[in-house]
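Summary of structural features
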Amino acid sequence: MSTEALLAGGGGEVRRRVSIDDALAWHAGEFGRWQLRHFVLVSSAWLLEALHTMVIIFADREPAMVCAAGDGRCGDRCAGATAAGTGWEWAGGRASSTVSEWGLVCGERYKVGLVQAIFFAGCMIGAGVFGHLSDSFLGRKGSLQVVCVLNGVFGMLTAMAPNYWAYAALRLLTGFSAGSVGLCSFVLATEPVGPSRRGAAGMSTFYFFSGGIAALAGIAALFPTSWRMLYVVTSVPSLVFVVAVLPFVSESPRWYLVRRRADDAMRVVRAIASSNGRSIPDDVSLKLDDEGDDDNGAGAGKVVDSSASASGSIIDVFRSRTTRFRLVLSVVINLLASVVYYGLSLNVVNLKTNLYVSVLVNSLAEMPAYLLTALLLDRFGRKPLAIGTMLLSGISCSAGSLIAGAGAMRVARLACGVVGIFGMAATYNLLFIYTAELFPTAVRNAALGCTSQASQMGAILAPLVVVLGERVPFALFGVSGLVGGFLVFCLPETKNKPMYDTMAGLEEGEKTLLK
């Protein structure tokens, strides 16, 4: 047998060695009660990332200024933003946002965009660091615990920032940890799920992020006069998550197995089976996919020194021609998708409507894209769906660039933008699943960390594209979507393929599929 080996263990005992995918599919259950509970608990961390990432929309908003002079004559508005006695006052008070407290208007307006870029730069750095740590000694759960603690601490300190530059430095540190929350959460939530349910489960994680944005709109509406209190309220949930949720979360059995801790991996798989009303036969043990059928004991319940396992660094990805090619393509595709997704999303502040309602509606508008993708993912596959949604967004944005923004044609351009963000929201989140399945467990988080860094770079570039005018951004978003869609053609399909554990296992598996 190729997937199930009969091996003679010590004392003549016959043992069957299977991969984790086979153990879940044949014995433990692919998505039962255990996986559902674990999935909800772990995926709730996405709400935390949404709070820390999007809080800047409200904390750094520019409140209205009113002329409070008795004779209706006020001095220079720009001077009034930073000094008293000119007749201008901030609606809601100077403490309502960082803009009003530190006068970030007129010649100082660039500092608002600078803070946003600094935050995403921190996300980019942190994604690479914690992507590696999650694959190595910290593990998925350990890394998630660390980033959540850092989020809570840095967020609370941000609320006490005495000036703009201290605020910018603390946003950099918050980004360093916040950018890895979703990354660690996604991998930890989906790795214990069986192969036939993994795609739908992966797409469902993003409902939590959109739900976090919707919740943020409500929280911000309760604290409209204090940006400092808003940071406190959005930081406390991270610390609560560490204390009240993480103790009830299990480490990934795949990470245990790659670290040569097969007993721990089997313990988790048996817990999954027990909770799902199933059982693992006593003669079944786990094996890595690079272990041949004659590996008499290495991994059959025996714990081997973890130093023998893969290092899990991005260097390992580049050593293999297969994964190197996949990583380069994934980086470029994620960068293009991020530019379009964040670029279209930034128009929220330019809608000239109630900001709280606009953010709420924007978050809810993405959910149908997740639902549609989840329903079609296992029917059409990852590759065709990624191509289709990215091209849909690219074509819509290209059409929007050809429409003049005057009169009734504004509605047509708005429609193009809605279709564009619908398609790219589906693509942006589908890429998490696709990328996770393109790389083996040993380097999965390192690869995801690298592509996440590319996404953060796209988030940094998006505001620079938005300021180029009305039609040029649509044109650039359209080109990005079209180029990204064609690049996906170069990636392999991962539907119904095994989730490989090691680099050697992936290389051997791909060779077998090509025969």
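What counts, and where the lines are drawn
- Residues numbered from 1 in each chain as written.
- Predicted model: local features only at pLDDT ≥ 70, side-chain atom pairs only at ≥ 80, totals over all residues.
- Heavy atoms only, no water.
- Helix = DSSP H or I, 4+ residues; strand = E, 2+ residues; numbered from the N terminus.
- Buried < 20%, exposed > 50% of the residue type's maximum accessible area, 1.4 Å probe, protein only.
- Contact = heavy atoms within 4.5 Å.
- Areas by Shrake-Rupley, 256 points an atom, 1.4 Å probe, with all protein chains shown as cover.
- Phe/Tyr/Trp six-rings, centres within 6.5 Å; stacked < 30°, edge-to-face > 60°.
- Salt bridge = Lys/Arg side-chain N within 4 Å of Asp/Glu carboxyl O.
- Core = buried A, V, L, I, M, F, W, Y, C linked by side-chain atoms within 4.5 Å.
- Domains from an automatic or database assignment.

**Some details on the overall build of the chain**
The helix and strand inventory of the chain stands at 23 helices and 5 strands. For the chain, buried positions account for 54% of its 515 residues. The contacts in the chain between residues at least 6 apart in sequence include a share of 79% that link residues at least 24 apart. Carbon and sulfur atoms provide 66% of the accessible area of the chain, an area that totals close to 20300 Å².

**A look at the packing of aromatic side chains**
Counted according to the given criterion, the structure contains 25 aromatic pairs. Taken together, a centroid distance of 5.9 Å and an interplanar angle of 90° make the contact between Y342 and Y428 edge-to-face. Of this pair, Y342 sits in helix α16 (residues 321-345) while Y428 sits in helix α20 (residues 409-438), and the two are 86 residues apart along the sequence. On the basis of relative accessibility, which here comes to 12%, the residue Y342 falls in the buried class.

**Quick word on the pattern of salt bridges**
Tallying each qualifying case throughout the model produces 11 salt bridges. In this structure, D283 engages R16 in a salt bridge whose closest nitrogen and oxygen atoms are separated by 3.2 Å. One end of the pair, D283, is in the loop between α14 (262-275) and β5 (284-286); the other, R16, is in strand β2 (residues 14-18), with 267 residues separating them in the sequence. What makes D283 partly exposed here is its relative accessible area of 26%. Residue classification places R16 among the buried positions, given a relative accessible area of 18%. The salt bridge partner of D264 is R267, with a shortest N-O separation of 3.5 Å.

**Section: the environment of S275**
Structurally, S275 is set in helix α14. Classification of S275 as partly exposed rests on a relative accessible area of 26%. Along the primary structure S275 and A28 are separated by 247 residues, whereas in three dimensions their C-alpha atoms are 8.9 Å apart. In this view, S275 contacts R33 and W34; residues no more than four positions away in its chain are not counted.

**Examining the nonpolar core**
Judged by nonpolar contacts, the single largest core of 133 residues is most densely connected at L144 and L286. No other element matches α20, which puts 12 residues into this core. Looking at which domains feed residues into this core, each of domain 1 (16-65 + 90-289) and domain 2 (312-514) gives three or more. Aside from chain neighbours lying at most four places away, what touches L144 is V42, A45, V181, C184, S185, L188, F241 and L246.

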